[in-house]
Amino acid sequence: MATPSSATSPVSARRRERTTPETRFDKRLAKILAHATDVFYEKGYEGASIRDLSRSSGMSLAGLYYYFDSKEKLLYLIQKHTFNTVIHRLRERLKDSSDPEQRIRAFILNHLEYFLANRKAMKVLSHEDDVLKNGYGAEIAAIKREYYSLCVQLLDDFKRDRRLEFSSRIAVLSLFGMMNWIYTWYNPRVDGNAKELGDQMADTFLCGIASQKERKR
């Protein structure tokens, strides 16, 4: 499993991507991915077709195939863009604090802010989690491991700081369970914005893990 310190190559690659000016191809592809997310959200991956995307985007089939060669490639690009964006924003956010608790809160807020602003993408990622195979699936799995490992490291730092004993794996997976299904119940009129929801979710989560037994000195 990748760790934050061993993931230098993907991070360097993303840094190079960010310094490259966005081309007309990139902008057009971004629009196609937005339409593809809408189509997958409405019809599901299996139920959606390239013709559905053609109607949604207003592009011809030939025009679409210029940007990608399969429906699977589209799903791969959606997932890659989403996870890379979330990780990049998280790394930038974590630079602002060295306090273990505040860094966990930053992780939660970063996750909620992005996914509440992109709820259709969140549903697509949650429901089509195991569709990608072979190289596409392996690459996305590696990015997910990087994200998971970042969260584990934050929990390990919190454990050391508070001298607690609990399973970081169970804590991290429980946290993802809290965050990843909010699109099924979130109501901004009742639950507040991402900051308000993030504060409440962080309080609940941190209170739970902080109640674990203190390590013997």
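Values in this document were obtained by computation on a predicted structure and should not be read as measured data. (Residues numbered from 1 in each chain as written. Predicted model: local features only at pLDDT ≥ 70, side-chain atom pairs only at ≥ 80, totals over all residues. Heavy atoms only, no water.)

Trainee: Help me get a handle on the side chain of T37, residues and values and all.
Mentor: Inspection of the secondary structure assignment puts T37 in helix 2 (residues 24-47). With relative accessibility at 10%, the residue T37 sits in the buried group. Among the polar contacts listed, one links the side chain of T37 to the backbone oxygen of L33, at a separation of 2.8 Å. For T37, the contacting residues outside a window of four places in its chain are I78, K120, A121 and V124. (Helix = DSSP H or I, 4+ residues; strand = E, 2+ residues; numbered from the N terminus. Buried < 20%, exposed > 50% of the residue type's maximum accessible area, 1.4 Å probe, protein only. Polar contact = N/O pair within 3.5 Å; in protein donor to acceptor, adjacent residues only side chain to side chain. Contact = heavy atoms within 4.5 Å.)

Trainee: So what about empty space enclosed by the protein? Which residues, and what values?
Mentor: Rolled over the atoms, a probe with the dimensions of a water molecule shows which regions are left empty. A complete count under the given rule lists one cavity of 30 Å³ or more for this structure. As a volume, the largest cavity reaches approximately 40 Å³. Forming the boundary of the largest cavity are A36, V39, F40, A48, S49, I50, L53, K71 and L74. Counting residues per element, the ones that place at least two in the lining of the largest cavity are helix 2, helix 3 (50-57) and helix 5 (71-94). Considering every element that reaches the lining of the largest cavity, the biggest residue donor is helix 2, with three residues. Partitioned by chemical class, the residues of the lining of the largest cavity number seven nonpolar, one polar and one charged. (1 Å grid on protein atoms, 1.4 Å probe; cavity = no way out; pocket = protein on both sides within 12 Å on 5 of 7 lines; lining within 4 Å. Points joined across faces, edges and corners; volume = space filled by probe spheres on them. Nonpolar A, V, L, I, M, F, W, Y, C, P; charged D, E, K, R; others polar.)

Trainee: Before we move on, could you go through the layout of surface pockets and cite the residues and values that matter?
Mentor: The volume enclosed by the second largest pocket comes to roughly 490 Å³. Taken together, 17 residues line the second largest pocket, and the ones lying closest to its centre are F83, D129, K144, F176 and N180. If one sorts the elements of the lining of the second largest pocket by residue count, helix 8 (residues 134-162) sits on top with five residues.

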